[in-house]
Amino acid sequence: MRLRSNCRMPISRSTFTIILGILFGLSATHYLTTLKSLTDPVICGPEQQVSRSEELDIISLRADADVFTRSQSLPGHRRGLILVAIMTAAKYVDTRAYNVWKTWAQHIPGRVMIFVAEGTESIHEDMPLIRLKGVDDTYPPQKKSFAMVKWLAENMADEYDWFLRADDDLYIRGEELAAFLRSVDSSQAHIIGQAGLGNSAEYGLLALGSTDNYCMGGPGIVMSRETLLKVSPHLETCLQHMLTSHEDVELGRCIRKHVNVACTWNYEMQKLFHNNQSAIKESYAKNMKELKDAITLHPIKDPAVMRKVHLRNREIKLREARAQRSLLSSELSTAKAQTLVRMTPNRTIDLTPWDYINNNKILFCADRVNCPRHTVDLSIRTEIADTITQLFDEFNTNARQRGRVLQFQSLQYGYMRVEPTKGVDYVLDMLLWFKKFRPPNRTTISVRRHAYVQQTFGKLRSLAEGVFRSNMRANSTLIEDPTLHMIMPLRGRAAIFGRFAQHLKSICARGGDDLAVSLTIVLYSSEDEMENRETIEMLRSSHIPVSVIEMGDVAFSRGIALMRGAETLPANALLFFTDVDMLFTCDALKRIKSNTILNAQIYFPIVFSEFSHESWSENDKLLADAFHYGRGRGYFRHFGYGLAAMYKADLMDIGGFDTKIEGWGKEDVDLFEKAIKNGRLRVIRSPEPGLVHIYHPIHCDENMPTAQKDMCHGSKAASLASIDTLVEQIAQYA
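Just so it is clear, the structure is predicted and the values come from calculations on it, not from any experiment.

### Details of the state of the cysteines
- In the structure shown here, the tally under the stated rule is 2 disulfides.
- Across the disulfide, C215 is cross-linked to C263 (sulfur-sulfur distance 2.0 Å). Disulfide C215-C263: torsion about the S-S bond near 100 degrees, hence right-handed. On the criterion of sequence distance, the pair formed by C215 in strand 8 (residues 214-215) and C263 in the loop between helix 8 (247-258) and helix 9 (269-272) is long-range, its members being 48 residues apart. In terms of burial, C215 and C263 fall into one category: buried.
- In this model, C238 is linked to C254 through a disulfide, with the two sulfur atoms separated by 2.1 Å. What sets the handedness of the C238 and C254 disulfide is the S-S torsion sign, and at about 75 degrees it is right-handed. In this pair, C238 is assigned in helix 7 (residues 235-240) and C254 in helix 8, connecting sequence segments 16 residues apart.

### Quick look at the packing of helix 4 (residues 142-155) against helix 8
- Running from N to C, helix 4 and helix 8 cross one another at 40 degrees; their axes reach a closest spacing of 9 Å. The angle between helix 4 and helix 8 falls in the class oblique. As for how helix 4 packs across helix 8, the hand of that crossing is right-handed. Along its contact with helix 4, which presents Q142, S145, F146 and V149, the element helix 8 presents E247, E250 and L251.
- Residue classes in the contact of helix 4 with helix 8 are distributed as 3 nonpolar, 2 polar and 2 charged.

### Structural notes on the pattern of salt bridges
- As enumerated under the stated definition, the model contains 35 salt bridges in all.
- Of the charged contacts, one joins E419 and R417 as a salt bridge, the two residues approaching to 3.7 Å between their closest N and O atoms. Accessibility classification places E419 together with R417 in one group, the buried group.
- Several salt bridges share partner residues, and in doing so they unite R173, E176, K317 and E320 into one network.

### Focus: a nonpolar patch on the surface
- A surface patch of nonpolar side chains, about 300 Å² in accessible area, is lined by I723, L726 and V727.
- Locating V727 in the fold gives a position in helix 22 (residues 723-731).

### Here we look at the confidence of the model for the chain
- For the chain, the average pLDDT comes to 83, and 86% of its residues sit at 70 or higher.
- The model gives residues 1-9 a pLDDT under 50, and that stretch makes 0 contacts with residues more than four places away or in other chains.
- Within the model, the stretch residues 34-76 combines pLDDT values under 50 with 51 contacts to residues more than four positions away or in other chains.

### A closer look at the pairing of strand 12 (residues 355-358)
- What you see with strand 12 is a clean split: D355 and I357 sit on the buried side and Y356 and N358 on the side with no burial.
- Bridge count for strand 12 against strand 15 (residues 404-419) is 4 bridges, and the pairing is antiparallel. The residue of strand 15 that forms the bridge with I357 is G414.
- Where strand 12 and strand 13 (residues 362-364) come together, 3 bridges link them in antiparallel fashion. For Y356, the partnering residue across the bridge sits in strand 13 and is F364.

### Comments concerning the packing of aromatic side chains
- Enumeration over the complete set of coordinates arrives at 21 aromatic pairs.
- Taking the centre distance of 6.0 Å and the plane angle of 25 degrees together, the rings of Y356 and Y413 count as stacked. Within this pair, whereas Y356 is found in strand 12, its partner Y413 is found in strand 15, the two being separated by 57 residues in sequence.
- Note on F577 and F657: the rings are 5.1 Å apart at their centroids and 80 degrees apart in plane angle, and the pair reads as edge-to-face. Residue F577 is found in strand 21 (residues 574-577), and its partner F657 is found in the loop between helix 19 (648-654) and helix 20 (667-678); the two are separated by 80 residues along the sequence.
- Feature note: the residues W354, Y356, F364, Y413 and Y415 constitute an aromatic cluster, connected by ring pairs.

### Remarks on the pairing of strand 25 (residues 644-647)
- Every second residue of strand 25 is oriented toward a common face, with A644 and M646 on one face and A645 and Y647 on the other, all of them buried.
- In this sheet, strand 25 lies alongside strand 21 in antiparallel orientation, the contact comprising 4 bridges. Paired with L574 across the two strands is Y647, which belongs to strand 25.

### Re the sheet that holds strand 13
- Read from one edge of the open sheet, 6 strands run 14-13-12-15-16-17, paired in antiparallel fashion. Lying at the two open borders of the sheet, with one neighbouring strand each, are strand 14 (373-375) and strand 17 (443-456). Each adjacent strand pair in this sheet contributes to an overall mean axis angle of 25 degrees, direction not counted.
- By the bridge criterion, 3 bridges tie strand 13 to strand 14 in an arrangement that is antiparallel. Bridge pairing in strand 14 links I362 to T375.
- Across the sheet, helix 11 (residues 378-395) touches strand 12, strand 13, strand 14, strand 15, strand 16 (423-436) and strand 17, and the angle it forms with strand 16 is around 50 degrees.

### Overview of empty space enclosed by the protein
- Inspection of the entire model under this criterion finds 1 cavity of 30 Å³ or more.
- Of the volumes computed, that of the largest cavity is approximately 40 Å³.
- The wall of the largest cavity is formed by I191, N213, Y214, C215, G252, I255, R256, V261, A262 and C263.
- Looking at the lining of the largest cavity, the elements with two or more residues in it are strand 8 and helix 8.
- Ranked by residue count, the leading element in the lining of the largest cavity is helix 8, at 3 residues.

### A short note on the sheet that holds strand 5 (residues 171-172)
- Pairing is mixed across the open sheet formed by 3 strands, whose spatial order is 5-11-10. Two strands close off the open sheet at either side, each with one partner strand: strand 5 and strand 10 (273-275).
- Inspection of the sheet shows strand 10 paired to strand 11 (residues 296-298) by 3 bridges, in the parallel sense. Bridge pairing in strand 11 places H274 opposite L297.

What counts and how
- Residues numbered from 1 in each chain as written.
- Predicted model: local features only at pLDDT ≥ 70, side-chain atom pairs only at ≥ 80, totals over all residues.
- Heavy atoms only, no water.
- Disulfide = S-S within 2.5 Å.
- Helix = DSSP H or I, 4+ residues; strand = E, 2+ residues; numbered from the N terminus.
- Buried < 20%, exposed > 50% of the residue type's maximum accessible area, 1.4 Å probe, protein only.
- Axes fitted to C-alpha atoms, helices over the stretch in contact; angles between N-to-C directions.
- Parallel < 35°, antiparallel > 145°, perpendicular 65-115°, else oblique.
- Left-handed = near helix turned anticlockwise from the far one by under 90°.
- Contact = heavy atoms within 4.5 Å.
- Nonpolar A, V, L, I, M, F, W, Y, C, P; charged D, E, K, R; others polar.
- Salt bridge = Lys/Arg side-chain N within 4 Å of Asp/Glu carboxyl O.
- Patch = residues over 30% accessible without salt bridge, like charges linked within 9 Å, V, L, I, M, F, W, Y side chains within 5 Å.
- Areas by Shrake-Rupley, 256 points an atom, 1.4 Å probe, with all protein chains shown as cover.
- pLDDT = per-residue confidence, 0-100.
- Pairing = 2+ DSSP bridges.
- Phe/Tyr/Trp six-rings, centres within 6.5 Å; stacked < 30°, edge-to-face > 60°.
- 1 Å grid on protein atoms, 1.4 Å probe; cavity = no way out; pocket = protein on both sides within 12 Å on 5 of 7 lines; lining within 4 Å.
- Points joined across faces, edges and corners; volume = space filled by probe spheres on them.

Next up, the structure:
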């Protein structure tokens, strides 16, 4: 039996559309795959592969019509957020550029590359240098700038959504940059930065149209991937037809002409991409108030200031993280309600009194030495200012949506107290400006408000000494020498040297295996030189390593002597500069070793200096040894820097002693100031009771330079007697 049917399966319009779309998609995929296989370069072997790090020949920059097509998104490939391209010169690559690489470049949510001229070398192998072929360090750097942009387009366009052109004196806040760029559509052509028209002398002379501008190169220029790809084929033409010598102006002109976008016209960009034109040498060295609102800061030419700004930025990020943690903790169901009463005292002595601050200038207190009133310390003023800034940032979080803003006028008065185990409490009485800026209700009113603020201390964190030293020396390749090398200049004073030697001998005898000491004596000729040599032999017979550097009969210079002693030792040697009048304990020498870290930390101990023995009381004269610290017996010489401990590598890094200074004094102060200005090394300055300077009469040569003579007379006067003793002497004649 045969069945016949004239029925047809009905097909709806939507089903037909889907089938047609699938067929079209398959056909298009096949066509594009075939086209790609025909246009892709053939790679026959590893030796024919093109490396991304291949140098770019700026001479052969060519307009490549296919660069945009070749750089389209690859299937399944996810691009990074941003690549920061830094231009630098050979003379700055190991200073400015390296400091950039070791500070903010480590916090960029993408990649950082440093572009230099052909043949530029660096002592730092970890820096990602791109050497541009055919480019030198000629200034202005038009050729280098255009070659860098071309290299980025041809080598990195597939990898990142945004590209930032920067100089080596720019500071970038990576987290803020990322948050800003994620709010902008990267698929569109953009050029972002601080718009410029030229300074007052150049205004109208840069051949800019009435609606034209350019992004200033100093604060950084951000280009979207679309902008980079579209301008790349035209860079050679733009380079050959420049109208000015300013590379940022010409780059902006090229982008305006061929991409049809201009730099962002927005007043807010002056804060976000901040450019300090008032005092370039001192930019941000003292005042960093712009940092909190900025994405970039320019210019910062001093590497020490760059590190200072970076440290300040990390402090801001740490504070924000702690504030966020506190906010999240307060939302827990187990969180306690906020109150100014963080602890309930059970005894009267447990009650912490508040300090009263008047107009942020005078502090009234009741329980300290400088009470009842004194000028508010700079640290307190700075902390209050930061607290107020943070308060108003939180107040104005949604100011634009609300149409109103609060601005700080002045602090009328306030209360402050420190709970040692909890944190700091503030009660601030402030004058504010309350502004409504939406029409028709625009108004400005002066109001007075109280703010109750709590700053909570973070959790205690402890580190083992080995871990701490390792963290401090993270960038060091040297190994610390375990021996403490004492360096001492000596001229005459045989009896005093004999006392020093006997003391050193007894210390080393009971120092143990963990205290290895050597002595380097820089010996000047004198009448009692033979006695000094006999003492040296006595030390050697006691198995104490002693080396002697012969200076002969020349003018005494402590700076020259100490440098001569240091020159005989390796870079990883721990140096301790001392004097023949010193006595020390075994524990003091161990603390010197502990407080000195190679390539990280140096130690300037404050020694206890005896007063003249004639001013001592009878009880002080009966004490058996020098290690007693009564008010009438001596004082910690806070103005003296003669004793110092550091590794030789760090001594040379800060510039060493000034060998032009002759005679007594000044060389120690000069070295201390160099250590502070260095900025890379942490300086520890603390009283050391295990170091005692034995009193001796001081003779000040009237022929020495005025500065040294004044220091000598000041030290002589300070060492005569205590204030109490002098008052007693004066009272006898009253």
